[in-house]
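Structure assessment
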Amino acid sequence: AQAMGIKSKLTPTPSLPLGSSDVNLLELVNGYATAVNDGKVNEPVLVLRIIDRDGKEIYKAPATERQAISYKSAYLVQQLLQGGMREPGGTSMSLWGYVGKYDDTDFGGKTGTSEPPDDKPEIGYVASYAAISPIEDTQVVLLLTLYKPPAYNHNGGTLAGPVVQQMLTEILLT
């Protein structure tokens, strides 16, 4: 996890892969981005480059790409992300209902629902949806997180799916 850009303290427990330790959203997105970038991690940067009014590049962020996990491991994660949209009963399948006109694109997705930590019950449930488009030659890694969703439904796919769809549509059309 640290090789993929996770800097938060992780508690080494069997439930760690299920999300039992807190990480910030940037770390989580960078983890997804590393998996779909064939295991190569890039440090997040705010500005990639600056071009002046004459078209001259006056700044370019240094390249930081390095292999964090093996290509094989990254490929398996990519297949898992696509499985949520391909396999019957997959929790990300609802995204197809929203991105139907892009049915030639290999999307990946992961829904999430978590309970608040015992020491912070005021946080409430957290519903999330990560979407990756396309899996090969990824252009978009999108993570939507909803805090304190309605008590009657705190499912990441149901609540965040329509919002993710709208955001992906806007992004893919530009």
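In this text, all values refer to a predicted model and were calculated from it rather than measured experimentally.

This next bit is on the overall build of the chain. Looking only at helices and strands, the chain features four helices and seven strands. Starting at the N terminus and ending at the C terminus, the chain contains elements arranged as α-β-β-β-β-α-α-β-β-β-α. Expressed as a percentage of its 174 residues, the buried residues of the chain come to 34%. Within the chain, counting contacts between residues at least 6 apart in sequence, those at least 24 apart form 50% of the total. For the chain, the accessible surface area stands at approximately 11,000 Å², while carbon and sulfur atoms represent 56% of it.

Here we come to the packing of aromatic side chains. Applying the stated rule across the entire model yields one aromatic pair. Judged by centre distance (6.4 Å) and plane angle (25°), the rings of Tyr 71 and Tyr 75 are stacked. With a gap of four residues between them, Tyr 71 and Tyr 75 both fall in helix H2 (residues 71-86), about one helical turn apart.

Strand order in the open sheet formed by three strands is S5-S6-S7, and the pairing between neighbours is antiparallel. The sheet terminates laterally at strand S5 (108-114) and strand S7 (140-147), the two strands that pair on one side only. Ignoring strand direction, the axes of neighbouring strands in this sheet form an average angle of 10°. In this sheet, S7 lies alongside strand S6 (residues 126-133) in antiparallel orientation, the contact comprising eight bridges. The residue of S7 that forms the bridge with Ala 131 is Leu 142. Against the sheet, H2 touches S5 and S6, its axis set at about 85° to S5. Taken strand by strand, helix H4 (residues 156-173) contacts S5, S6 and S7, and its axis lies near 35° from that of S6.

Note that Glu 27 resides in helix H1 (residues 25-36). Lys 7 is the oppositely charged side chain nearest to the buried, salt-bridge-free Glu 27, at an N-O distance of 6.3 Å. Beyond its immediate stretch of four places on either side in the chain, Glu 27 contacts Gly 5, Ile 6, Lys 7 and Ser 8.

Mapped onto the fold, Thr 145 is located in strand S7. A residue is classified by how much of its surface remains accessible, and Thr 145, at 19% relative accessible area, is buried. Once residues lying within four places of it in the same chain are set aside, the contact partners of Thr 145 are Leu 25, Val 126, Ala 127 and Ser 128.

Calculation notes
- Residues numbered from 1 in each chain as written.
- Predicted model: local features only at pLDDT ≥ 70, side-chain atom pairs only at ≥ 80, totals over all residues.
- Heavy atoms only, no water.
- Helix = DSSP H or I, 4+ residues; strand = E, 2+ residues; numbered from the N terminus.
- Buried < 20%, exposed > 50% of the residue type's maximum accessible area, 1.4 Å probe, protein only.
- Contact = heavy atoms within 4.5 Å.
- Areas by Shrake-Rupley, 256 points an atom, 1.4 Å probe, with all protein chains shown as cover.
- Phe/Tyr/Trp six-rings, centres within 6.5 Å; stacked < 30°, edge-to-face > 60°.
- Pairing = 2+ DSSP bridges.
- Axes fitted to C-alpha atoms, helices over the stretch in contact; angles between N-to-C directions.
- Lys, Arg positive; Asp, Glu negative; His and termini not counted.
- Salt bridge = Lys/Arg side-chain N within 4 Å of Asp/Glu carboxyl O.

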